Amino acid sequence: MSTPKIEIDRVGQTFRVRSQETGREQDFVALDNVSTTVRAGEFLTIVGPSGCGKSTLLDLISGLTTPTSGEVRINGRRVEGPGTDRGVVFQQYALLPWRTALGNVEFALESATDLGRKERRARARDYLQLVGLEGFENRRPGELSGGMKQRVAIARSLACEPEVLLMDEPFGALDAQTRESLQEELLQIWRRTRTTIVFITHGIDEAVYLGQRVAVMSAHPGRIREELAIPFSAESDDDDVRATAEFAHYRHQIWTLLRHDQQAAADRAEEAAHV
Amino acid sequence: MSDLLQRTAQARPNPRQEAAARIRALGAPRSASAPLGLIGVLGLVLIWEFAPRLGLVDAHFVPPLSQILATWWDLATSGELWKHTSASLLRSGAGFALALVTAIPLGAAIAWYPVVHRLLNPVLELFRNTAALALLPVFVLVLGIGETSKVAIVMFACFFPILLSTISGVRSVDPLLLKSARVFGLSPIETFVKVVLPAAVPTIFTGIRIAGSAAILVLIAAEMIGATAGLGFLINYSQFNFLIPQMYAGILTTSLIGLGVNYGLVATEKHLSAWRG
Ligand SMILES: Nc1ncnc2c1ncn2[C@@H]1O[C@H](COP(=O)(O)OP(=O)(O)OP(=O)(O)O)[C@@H](O)[C@H]1O
Ligand SMILES: [Mg+2]
């Protein structure tokens, strides 16, 4: 068996935080002993309640932060920092507002690749076309809708041709229709490029629809509670997967897992209040 | 579709930006309000012309505008006005430029390195709350009465607006942009040049604009003490020798310069912050 693309090996992350009651510094466990692997070309979605450590986990894979314990490996090599083999798409786009759509894609290519000016421009055009933004190359982010901005951000990450694409609730701020069309396009791009994708979301539907595998996280401390393989998955081109009984089954299963977690958290809070 | 796009694409400024826009609007009135403003200017011209003529004010102290303009024209054609104006512009320009090249790098360093910030912050607070003109005697004492002390005091007056706006501009750079710069593998210098500086430019410019006005304001005052040329000298000298129309001609010139400088800076600022929408 070949080495997995991404290995998350007993990773823990604690933050020093100031306690609200005592005002003293203490450790807060954001991630506790998280392990999983992602195959090359796989589409993994991660779903979990707010604050369970999803973004923290993504920061570790991207190399923006280093774990307190354990390690993350890409192609069997330990992650020491950010690298151009991994692209990140943030929920809030993170585009440079003073550059045009084209300029933003070129921006990524300027340092991530050693292409010349002309080649950069050509490649940036290609990728904007890939995400359906032909004709909008010279607009600044302020002149684009939320969906278009996110397309620029996706084009920018893809243009560096990363082996791994990390996406942190990229469609969270979009309306339902825009979100669905972008989900569809992302799947098409993924099928074409076979990039390994780790996709974080709040939405159970989104997780089941996009993922070949869904990792369900729980909070306090942040853990991967369960991993579900989605057999019909994003592979199929069937438009109506969302309406099938199978889809409903997985959605319900994840909903139940998250629900239990929420219940447990509420019980804990009540217990604490009684003490 | 395109209409919807337009509406949704239109970025609404946050309150701070709206406030900044209002300040900007004051500096350069909208063309729509121009006719009304013209009436205001016309009113001032008429009052200035006829109030002295009708004996409403003492014509010795406030001569009619036409008389002042005639004097101004004489001064301008004789080359006298240019002598004083160029002396003033040179001094304020030098002080302003020196403030630019020192305050922006220092401000960036203070904003970028917390250590530098902690080290210098109390000192800066003290200095920025010290009126530039209050220090004029010190500057004269240390640097003498010549050009150096005048350039220095302009520089001092320009320094702090630019420094403070640079600090706040660099500090308020969206952390997410810095994060994405790291993801794309930018070096710290690249990050500074391509991300931090462009993001800070609009904020820095607010300070530059304030500095532009301060440069002229402070210089005129400084020139009133111990100078042999310059608009401040011209105004003060004229008053001493009871050359009242000439005094007003000098004052008018400083106003026009101030207007021109502000207009130029506002236009540049608008150009550089067009992306703010
Ligand atoms: N730099 C930090 N310092 C202290 N605590 C942090 C830090 N970053 C994250 N945390 C805490 O770690 C926990 C996990 O945060 P994280 O942002 O990963 O959550 P998330 O699952 O992405 O939530 P959301 O779905 O709301 O984005 C939170 O309780 C958060 O307060
Ligand atoms: Mg998050």
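Please refer to the structure placed before this passage.
No experiment lies behind these values; they were computed from the predicted model shown. (Residues numbered from 1 in each chain as written. Chains lettered and ligands numbered in written order. Predicted model: local features only at pLDDT ≥ 70, side-chain atom pairs only at ≥ 80, totals over all residues. Heavy atoms only, no water.)

### Section: the overall build of chain B
Working step 1: Looking only at helices and strands, chain B features twelve helices and zero strands.
Working step 2: Put simply, chain B runs from its N terminus to its C terminus through helices and strands in the order α-α-α-α-α-α-α-α-α-α-α-α.
Working step 3: Contacts in chain B between residues far apart in sequence, at least 24 positions, make up 70% of those at least 6 positions apart.
Working step 4: Split by element, the accessible area of chain B, about 15400 Å² in all, is 71% carbon and sulfur. (Helix = DSSP H or I, 4+ residues; strand = E, 2+ residues; numbered from the N terminus. Contact = heavy atoms within 4.5 Å. Areas by Shrake-Rupley, 256 points an atom, 1.4 Å probe, with all protein chains shown as cover.)

### A word on the sheet that holds strand β5 (residues 77–78) of chain A
Residue and element names in this part refer to chain A.
Working step 1: Strand order in the open sheet formed by four strands is β2-β1-β4-β5, with antiparallel pairing between adjacent strands. Strands with a single pairing partner mark the edges of an open sheet, and in this sheet they are β2 (25–38) and β5.
Working step 2: One ladder, built from ten bridges, connects strand β1 (residues 6–18) with β2; its direction is antiparallel. When the bridges of β2 are listed, Val17 appears paired with Gln26.
Working step 3: Those strands touched by helix α1 (residues 54–62) are β1, β2 and β4 (69–74), and its axis lies near 120° from that of β1. (Pairing = 2+ DSSP bridges. Axes fitted to C-alpha atoms, helices over the stretch in contact; angles between N-to-C directions.)

### A word on the sheet that holds strand β7 (residues 164–168) of chain A
All names here are of chain A.
Working step 1: The strand order across the open sheet built from six strands is β6-β7-β8-β3-β9-β10, with neighbouring strands paired in mixed fashion. Taken across any chain shown, the strands that pair with only one partner, and hence form the sheet edges, are β6 (86–89) and β10 (223–229). Each neighbouring strand pair of the sheet contributes to a mean axis angle of 20°, computed without reference to strand direction.
Working step 2: The pairing of strand β9 (residues 213–218) with β10 spans six bridges and is antiparallel. Following the sheet pairing, Met217 is matched in β10 by Ile224.

### Re the environment of Leu217(B)
Residue and element names in this part refer to chain B.
Working step 1: Looking at where Leu217 falls in the secondary structure, it is placed in helix α10 (residues 188–223).
Working step 2: By relative accessible area, Leu217 is classed as exposed at 64%.
Working step 3: In this structure the C-alpha to C-alpha distance between Leu217 and Arg182, which are 35 residues apart in sequence, comes to 44 Å. (Buried < 20%, exposed > 50% of the residue type's maximum accessible area, 1.4 Å probe, protein only.)

### Concerning the pairing of strand β8 (residues 196–201) of chain A
All names here are of chain A.
Working step 1: Of all six residues in β8, six are buried; the element is thus mostly enclosed.
Working step 2: Burial of the side chains of β8 extends over both faces: Thr196, Val198 and Ile200 are buried on one face and Ile197, Phe199 and Thr201 on the other.
Working step 3: Relative to β8, strand β3 (residues 43–47) runs parallel, the two sharing five bridges. Note on β8: the bridge partner recorded for Thr45 is Phe199.
Working step 4: Where β7 meets β8, five bridges bridge the pair, whose relative direction is parallel. Residue Val164 lies in a different strand from β8, and its bridge partner there is Thr196.

By themselves, these are just geometric observations and shouldn't be taken as functional.
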